[in-house]
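# Topology and contacts: notes
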Amino acid sequence: MKALTIPLKVVYRDKEVIAQKLTVSSEIPLDIETAWAKAKTSALLEFVTKGMVKFAPLNGHFPTIWQEGSTVKTRSLLFGFIPFGGTHTLFFEKIDDTQKILQTQEYDDAAKIWNHTITMGRVTDTTILYKDEIIIYGGVLTFLITLWAKYFYQYRQKRWLLVAKQCVKSKLSI
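Below is a short write-up of the structure. This is a predicted model, so every value here is computed, not measured. (Residues numbered from 1 in each chain as written. Predicted model: local features only at pLDDT ≥ 70, side-chain atom pairs only at ≥ 80, totals over all residues. Heavy atoms only, no water.)

### With respect to the packing of aromatic side chains
Spelled out, the test is: The criterion for an aromatic pair is that two Phe, Tyr or Trp rings (for Trp, the six-membered ring) have centres within 6.5 Å, with stacked assigned to planes under 30 degrees apart, edge-to-face to planes over 60 apart and tilted to the rest. Whether a charge lies above a ring is judged from NZ of Lys or CZ of Arg, which has to be within 6 Å of the ring centre and within 35 degrees of the ring normal.
A full pass over the atoms with the stated rule returns 8 aromatic pairs. Connected via pairs of aromatic rings, a cluster forms that spans Phe55, Phe62, Trp66 and Phe92. Directly above the aromatic system of Phe47 lies the positively charged group of Arg159, at a separation of 4.1 Å from the ring centroid.

### Digging into the pairing of strand 1 (residues 2-12)
Selection rule: Pairing between strands is defined by DSSP: at least two bridges between the two strands are required. Going along the chain from the N terminus, every DSSP run of H or I of four or more residues is numbered as a helix, and every run of E of two or more is numbered as a strand.
Note that strand 1 and strand 2 (residues 15-28) share 11 bridges and pair antiparallel. Directly across from Lys2, in strand 2, lies its bridge partner Ser25.

### Overview of the side chain of Lys40
As a reminder, the rule being used: Note on classification: 1.4 Å probe, protein chains only; a residue is buried when its accessible area is under 20% of the maximum for its type, exposed when over 50%, partly exposed between these limits. Note on definitions: a residue-residue contact is assigned when non-hydrogen atoms from the two residues lie within 4.5 Å.
Its place among the elements puts Lys40 in the loop between helix 1 (32-39) and helix 2 (42-49). Note on Lys40: relative accessible area 16%, which makes it buried. Not counting residues within four places of it along the chain, the set of residues in contact with Lys40 comprises Thr64, Ile65, Trp66, Ile95, Asp97 and Leu102.

### What about the sheet that holds strand 8 (residues 127-137)?
To keep things clear, this is the line we draw: Between N-to-C directions, angles span 0 to 180 degrees; the directions come from axes that are lines fitted to C-alpha atoms, helices contributing only their stretch in contact.
One open sheet holds the 8 strands; their spatial order is 1-2-8-7-6-5-4-3, and the pairing between them is antiparallel. Each of the sheet's edge strands pairs with one partner strand only, and the pair in question is strand 1 and strand 3 (53-57). With direction set aside, neighbouring strand axes in the sheet form an average angle of 25°. Packed on one face of the sheet, helix 1 meets strand 5 (82-96), strand 6 (101-107), strand 7 (113-124) and strand 8 and runs near 160° to strand 7.

### A closer look at the pattern of salt bridges
How we decide: Salt bridge, as used here: a side-chain nitrogen of Lys or Arg that lies within 4 Å of a carboxyl oxygen of Asp or Glu.
Applying the stated criterion across every chain yields a total of 3 salt bridges. We note a salt bridge from Glu33 to Lys100, for which the minimum N-O separation is 3.4 Å. Remark: Lys100 occurs in the loop between strand 5 and strand 6 and Glu33 occurs in helix 1; sequence separation between them is 67 residues. Using a relative accessible area of 45% as the deciding quantity, one classes Glu33 as partly exposed.

### Here's the deal with a nonpolar patch on the surface
What counts here: What makes a patch is a set of residues exposed beyond 30% relative accessible area and free of salt bridges, joined within 9 Å when like-charged and within 5 Å when nonpolar (Val, Leu, Ile, Met, Phe, Trp, Tyr). For the accessible areas, the method is Shrake-Rupley and the probe is 1.4 Å, while residue cover comes only from the protein chains on display.
Together, Val140, Leu141, Phe143, Leu144 and Leu147 make up an exposed nonpolar region whose accessible area comes to about 560 Å². In this fold, Phe143 is placed in helix 3 (residues 142-172).

### Concerning the layout of surface pockets
Note the cut-off: The distinction between a cavity and a pocket rests on a 1 Å grid over the protein atoms alone: a 1.4 Å probe fits inside a cavity but cannot get out, while a pocket stays open yet meets protein on both sides within 12 Å along at least five of seven lines, and a residue with an atom within 4 Å of a point counts as lining. Grid points are joined across faces, edges and corners, and a volume is the space filled by probe spheres set on the points.
Empty space within the largest pocket amounts to approximately 490 Å³. Contributing to the lining of the largest pocket are 31 residues, with Phe55, Glu106, Trp114, Phe152 and Tyr153 lying nearest its centre. Elements with a contribution of two residues or more to the lining of the largest pocket: helix 2, strand 3, strand 4 (71-78), strand 5, strand 6, strand 7 and helix 3. In terms of residue count, the dominant contributor to the lining of the largest pocket is helix 3 (7 residues).

### With respect to the nonpolar core
Convention followed: Here, nonpolar core means buried Ala, Val, Leu, Ile, Met, Phe, Trp, Tyr and Cys residues that are tied together by side-chain atoms lying within 4.5 Å of each other.
Among the nonpolar cores identified, the biggest contains 39 residues, and Trp66, Trp114, Met120, Tyr153 and Trp160 are the most heavily contacted of them. Here the element with the most residues in this core is helix 3; it accounts for 8 residues. Apart from residues no more than four positions distant in its own chain, Tyr153 is found in contact with Leu22, Val24, Trp114, His116, Asp132 and Ile134.

### Some points on the environment of Trp114
Put simply, the test is: Under this definition, polar contacts are N or O atom pairs within 3.5 Å; protein pairs additionally need one hydrogen-donor-capable and one acceptor-capable atom, and for neighbouring residues in sequence, both atoms have to be side-chain atoms.
As for its placement among the helices and strands, Trp114 is situated in strand 7. A relative accessible area of 7% means that Trp114 is categorised as buried. Here the alpha-carbon distance between Trp114 and Ile145, two residues 31 residues apart in the chain, equals 9.9 Å. For Trp114, the contacting residues outside a window of four places in its chain are Thr104, Gln105, Glu106, Ile134, Ile135, Ile136, Ile145, Trp148, Ala149 and Tyr153. Engagement of the side chain of Trp114 in a polar contact is seen with the side chain of Tyr153, the distance being 3.2 Å.

Dropping the structure here:
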């Protein structure tokens, strides 16, 4: 697993500010079509974040499959019980089935900008390169939010390895 953070100039409320660009990548032993199908589900989000963040959708539930152009509002509970950031808004800007890119624009009271891009590339028929790229801006909290995000995305990618093991196991038992 690799993680890299670099400063990045972005525009927030018509002002140029310094955000952080966090990139976390891993090779995951899973075929790309299975991984991509899972990445587009709310069930996967809930699984890979379990223990770190619990999401409480404001309308009571997430859609089963994420849809390009849709917006979802939720409350984030750190470690399942600590409210953080107020209402968290996720706008699904791009879901590209050909290039395997899922891109959201997100924000809440703490993270003014949390733009997340997931990309997948085939390494072999049974292994992908999975990458989370997040642009984070939270004013004076940017550094702390980015530190937490680095740990969080490394955790998520470790949980992806559990997903891969479950998929391989279920294919073997058929």
